[in-house]
Amino acid sequence: MTAYVSPVAFTQVAQSIPPNVFADMDRKVVAAVAGGADVIDLAKGNPDAFPADFIRDAAKRAVDDPANARYSPFDGKPDFLEAAEHWYRNTYDVDLDWKTQLFAVEGAVDGLAALFAVLVSAGDAVAYADPYYPSYHCMTVMSRAEEILLPSLPERGFLPDLDTVPDEVWDRVKVLILNYPNNPTGAHAPRGFLEKAVRLAHEHRFAIVQDFAYAGLGVDEQQISILSLPGALDVAVEVCSLSKMYAMAGWRAGFIAGNDDIVAHVKQYHYQMGSMVTGSVQDAGTVALRSDQSCVAELASRYALRRRIVADGLREAGLDVFDSDGGIYAWVHAPEGLTGERFADLLLERAAVAALPGTCFGKVGVDYVRFSLLKSGELLREAVRRIAAVL
């Protein structure tokens with residue numbers, strides 16, 4: 001039989017798209033469940049929480065507002081952008097102009113894609129820590145850019161050593177992507193680390209994109225925005241999402257904040273290639289951003305408790321767990337003699353617990369797995385019990 005050959009000639013971008021590691025894991029879990037396994041899925045970063053009552057009430061009222069059946073303003077509703085401005089000022093002591101330094105996007109990945117489109121050309125160099133969130137790698141590949149991985153090792157708390165990068169490498173960098181609190185490790189970046197990054201950006205003339213998707217969910221109450229540092233607004237933007245802070249993942253809303261020139265170029269790109277955030281969601285987000293943030297603190301406390309359940313239980317079972325400062329994951333070293341990928345496979349096969357192997361997040365994670373904390377304490381304890389039994 002002659003093999004079918006498509007008459008369509010696809011672009012280089014279409015042919016270069018890496019596989020989605022999360023979708024691949026979903027298929028494994030579905031297959032295990034179909035085979036009769038009672039899987040506890042700790043591979044997903046999908047919040048199990050529900051937005052606070054006052055946020056949902058605002059959304060319900062907004063759905064009944066006829067104005068929200070119309071297209072929203074291109075930049076985002078003024079009330080939403082002003083609320084983001086208020087949030088920055090009250091939470092991180094950052095003064096922004098909502099008209100020129102803020103722009104509404106449909107979540108962090110939408111914002112990152114737009115930033116790659118306006119900042120990264122074929123052949124440019126993009127630097128980021130390894131382990132990394134997979135989208136950075138995928139967007140770099142699809143942009144036909146050069147990937148510069150900055151190893152983030154356990155002895156440094158999974159932070160890259162910026163001082164070991166030669167000047168000639170920094171001179172080639174077009175964009176440095178940061179992500180703190182970090183996915184997958186949960187590492188937190190102290191002020192000195194971020195100040196060093198800003199100084200390097202000024203010296204070597206590159207832009208910084210800080211993926212701030214886990215804002216507010218750090219253990220350290222002194223968590224800062226990179227935009228609060230001297231000189232940061234000259235070189236940096238921050239991508240914020242309402243998904244994790246307010247458990248609004250399915251609502252798709254966030255914003256890009258910072259350098260007005262970068263924001264202006266993102267606006268022009270997004271006007272042609274993007275979509276506006278649903279009006280009722282922006283109204284709910286406005287209420288959330290203007291609140292006292294106690295709902296975010298409650299979520300941070302909940303995740304900290306869950307982190308202790310998983311970390312303490314797995315340590316008792318003999319595993320090495322990174323003592324992370326934030327985020328919604330536990331970063332765990334596989335047992336001696338096993339790679340993270342083999343360990344994740346064994347957990348799914350023998351314990352019916354799904355975790356993502358560290359190779360999903362780069363080279364440094366080859367001996368690690370990532371466990372999500374987005375299940376109830378009861379299910380997390382059961383998962384720990386099953387893993388301990390297998391070990």
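Rules and cut-offs
Residues numbered from 1 in each chain as written. Predicted model: local features only at pLDDT ≥ 70, side-chain atom pairs only at ≥ 80, totals over all residues. Heavy atoms only, no water. Helix = DSSP H or I, 4+ residues; strand = E, 2+ residues; numbered from the N terminus. Rg over C-alpha atoms; globule rule 2.2 N^0.38 Å. Buried < 20%, exposed > 50% of the residue type's maximum accessible area, 1.4 Å probe, protein only. Contact = heavy atoms within 4.5 Å. Lys, Arg positive; Asp, Glu negative; His and termini not counted. Charge placed at Lys NZ, Arg CZ, Asp CG, Glu CD. Pairing = 2+ DSSP bridges. Axes fitted to C-alpha atoms, helices over the stretch in contact; angles between N-to-C directions. Parallel < 35°, antiparallel > 145°, perpendicular 65-115°, else oblique. Nonpolar A, V, L, I, M, F, W, Y, C, P; charged D, E, K, R; others polar. Core = buried A, V, L, I, M, F, W, Y, C linked by side-chain atoms within 4.5 Å.

Looking now at the overall build of the chain. Helix and strand content of the chain: 14 helices and 14 strands. By the compact-globule yardstick of 21 Å for 391 residues, the chain fits well, its C-alpha radius of gyration being 21 Å. In terms of overall dimensions, the chain has a C-alpha envelope of 60 × 55 × 50 Å along the principal axes. A total of 391 residues make up the chain; the buried ones form 55% of that total. Once local pairs closer than 6 in sequence are excluded, the contacts in the chain between residues at least 24 apart make up 74%. On the chain, the mean spot of the 35 positive side-chain charges and the mean spot of the 52 negative ones are 4 Å from each other.

A few words on unusual backbone geometry. That bond from Tyr 180 to Pro 181 is cis: its omega, -5°, falls within 30 degrees of zero. Mapping Pro 181 onto the fold places it in the loop between strand E6 (173–178) and helix H8 (191–204). The linkage connecting Asn 183 with the following residue, Pro 184, adopts the cis geometry, with an omega of 25°. Here Pro 184 lies in the loop between E6 and H8. With a phi angle near 55°, Asp 93 is a residue other than glycine that sits in the positive phi range.

Read across the sheet, four strands follow the order E10-E11-E14-E13 without closing on themselves; strand pairing throughout is antiparallel. Looking along the sheet, the strands with just one partner apiece sit at the ends: strand E10 (320–321) and strand E13 (356–357). Of the strand pairs in this sheet, strand E11 (residues 329–333) and strand E14 (residues 368–372) are connected by five bridges, and their pairing is antiparallel. Bridging from a neighbouring strand, Trp 331 pairs with Arg 370 of E14. In the packing of helix H13 (residues 340–351) onto the sheet, the strands contacted are E13 and E14, and the crossing angle to E14 comes to about 45°.

Relative orientation of the contacting elements helix H5 (residues 108–119) and helix H10 (residues 260–273) amounts to 100°, with a least axis distance of 9 Å. For the element pair H5 / H10, the angle class is roughly perpendicular. Across from Asp 110, Ala 114, Leu 115, Ala 117, Val 118 and Leu 119 in H5, the residues of H10 making contact are Ile 262, His 265, Val 266, Tyr 269 and His 270. Among the residues making up the contact of H5 with H10, the classes are represented as eight nonpolar, two polar and one charged.

Right, let's talk about the nonpolar core for a bit. Of all hydrophobic cores here, the largest spans 115 residues; its most connected members are Trp 87, Tyr 88, Ile 208, Tyr 246 and Phe 255. Considering every element that reaches this core, the biggest residue donor is helix H4 (residues 78–92), with seven residues. Those residues in contact with Ile 208 that sit more than four places away from it in its chain are Leu 176, Leu 178, Ala 197, Val 198, Ala 201, Ile 226, Val 235, Ala 236 and Val 237. Counting residues in hydrophobic clusters, the runner-up holds 24 residues, among them Ile 309, Ala 344, Ala 355 and Val 384.

With mixed pairing, the eight strands of this open sheet are ordered in space as E2-E9-E8-E7-E6-E3-E4-E5. Whereas interior strands pair on both sides, the edge strands pair on one side only; in this sheet they are strand E2 (102–105) and strand E5 (159–160). As paired strands, strand E4 (residues 146–153) and E5 are joined by two bridges and run antiparallel to one another. Bridging from a neighbouring strand, Leu 153 pairs with Leu 159 of E5.

Examined against the element boundaries, Gln 101 turns out to sit in the loop between H4 and E2. With near-sequence residues (within four places) excluded, Gln 101 lies in contact with Asp 95, Leu 96, Leu 233, Ile 256, Ala 257, Gly 258, Asp 260 and Val 263.

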